[in-house]
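# Understanding the architecture of this molecule
So the chains spell out like this:
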Amino acid sequence: MKLEALEEIKEATNSQRIDEIRVKYLGKKGSLTTILRGMGSLSPEERPIIGKFANEVREFIEEEIKKALLNIKNKERELKIKGEYIDITMPGKKVEIGGIHPLNKVLDEIKDIFFGMGFSIAEGPEVELDYYNFEALNVPKNHPARDEQDTFYISENLVLRTQTSPIQVRTMEKTKPPIRIIAPGRVYRSDAVDATHSPIFYQIEGLVVDKGITMANLKGTLETFAKRFFGEKTRTKFRPHHFPFTEPSAEMDVSCFVCGGEGCRVCKGSGWIEILGCGMVHPDVLRKGGIDPEEYSGFAFGMGLDRIVMIKYGIDDIRLLYENDIRFLKQF
Ligand code: 2NL
């Protein structure tokens, strides 16, 4: 039995097996225990001899089990350490860092240019009262501009803003001139998606109100912006236009920053690129903003950020700005 137990202990490779062996020989129903129990039937002469021998066997098996367990524990520890081994000479995992989206990159540039001219940023809600989006901007309920803009209506008096002008109306209500703000933000129109239209896009508007503001201030400010953004050689051209909220109104073109005005693919051969609309704030709009047009005057402008980004980088499809395709975004 001694040899049989020894053999089994030697073959055991884990502590669970050792436990089984212990139960088999030394447990309550184990073989050695059975022998010790049977001692009652032995003669008084045999008893001490067999007893002594059985005890020796028990001690021997216990000792072997102890040794085997120690051995197994050491092996298990070794294996565990091997499994947790770290090769500190291996190159690290590369951490992918995101970039600034081209819309935000260009927005940051434009903000910086206007910060440099003393403007600050104003913000407002994207879900806007019909009053601030249309009514206060000289666009009454039956005005054709409301069809043109094909607005998303939340309810009769609540819309997704179609421009960021409502921010400026709210600013006029809250603050006394001088006002010098730009109002960037997301705007909405119920347009079908194609290469040049998206129902969600971005606008940057600006508003200046003070005593004695004239068209000269408008031109100076927007020319400075054009030169800082497209390059010092850029020339500007103001064409008469119409907006319900400004009078007079104009659109500003910049000389093509690619060909310098010669005519190329970017400017479609004309040498000029249209980049924004502007004008002197209509007296009725000032009045609705709580500002007396007899005392103050102002100019305002608005541009589509998406359009500017597309012109600047030569992007021919607006959808690229909203699909979040890494292969596209990586380039900026
Ligand atoms: C365009 C033209 C424009 C304005 C926006 C404005 C705002 C107030 C008062 C008067 Cl509160 N005007 N904004 C003025 C002229 C043009 O946007 O083509 N945007 C993409």
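This text goes with the structure placed above it.
First, a word on what this report is: a plain description of the structure on this page. (Residues numbered from 1 in each chain as written. Predicted model: local features only at pLDDT ≥ 70, side-chain atom pairs only at ≥ 80, totals over all residues. Heavy atoms only, no water.)

## A look at the layout of surface pockets
Of the pockets and cavities examined, the second largest pocket occupies roughly 310 Å³. Taken together, 19 residues make up the lining of the second largest pocket; nearest its centre are Asn104, Leu107, Gly185, Arg186 and Tyr202. Listing elements by their share of the lining of the second largest pocket, those giving two or more residues are α5 (102-115) and β5 (179-188). The leading source of residues in the lining of the second largest pocket is α5, at four residues. (1 Å grid on protein atoms, 1.4 Å probe; cavity = no way out; pocket = protein on both sides within 12 Å on 5 of 7 lines; lining within 4 Å. Points joined across faces, edges and corners; volume = space filled by probe spheres on them. Helix = DSSP H or I, 4+ residues; strand = E, 2+ residues; numbered from the N terminus.)

## Examining the packing of aromatic side chains
Under the counting rule described, the total for this entry stands at 10 aromatic pairs. For the ring pair Phe225 and Phe229, a centre distance of 5.7 Å and an interplane angle of 25 degrees mean the geometry is stacked. Here the residue Phe225 and the residue Phe229 both occupy positions in helix α9 (residues 215-230), the gap between them amounting to four residues, near one helical turn. The burial state of Phe225 is the same as that of Phe229; both residues are buried. Geometrically, the ring pair formed by Phe328 and Phe332 is edge-to-face, given 5.1 Å between the ring centres and 65 degrees between the ring planes. In this structure Phe328 comes out as buried when scored by relative accessible area, which is 9%. Taken together, the aromatic side chains of Phe114, Phe119, Phe225, Phe229, Phe230, Phe257 and Phe301 make up a single cluster linked through ring pairs. The ring of Tyr132 is capped by Arg170, whose NZ or CZ atom sits 4.3 Å from the centre of that ring. Between Lys312 and the ring centre of Phe229, over which it is positioned, the NZ or CZ distance is 4.9 Å. (Phe/Tyr/Trp six-rings, centres within 6.5 Å; stacked < 30°, edge-to-face > 60°. Buried < 20%, exposed > 50% of the residue type's maximum accessible area, 1.4 Å probe, protein only. Lys NZ or Arg CZ within 6 Å of the ring centre and 35° of its normal.)

## Here we look at α5
Over its 14 residues, α5 extends 20 Å from the first C-alpha to the last, a length consistent with the 20 Å expected when each residue adds 1.5 Å. Inspection of α5 places Pro102, Leu103, Val106, Leu107, Ile110, Ile113 and Phe114 among the buried residues, and these make up the whole buried set. Here the buried residues of α5 occupy an arc of 130 degrees about the axis, which is enough to place them on one side. (Expected span 1.5 Å × (residues − 1). Arc of directions from axis to C-beta.)

## Details of helix α2 (residues 15-26)
Relative to the 16 Å expected for 12 residues at 1.5 Å per residue, α2 spans 16 Å between its end C-alpha atoms, a close match to the ideal helical length. Buried residues of α2: Ile18, Ile21, Tyr25 and Leu26, and no others. Down the axis of α2, the buried set is contained in an arc of 95 degrees. They therefore lie on one face. What points out from α2, more than 90 degrees from its buried face, is the exposed set Gln16 and Val23.

Purely geometric numbers; function is a separate question.
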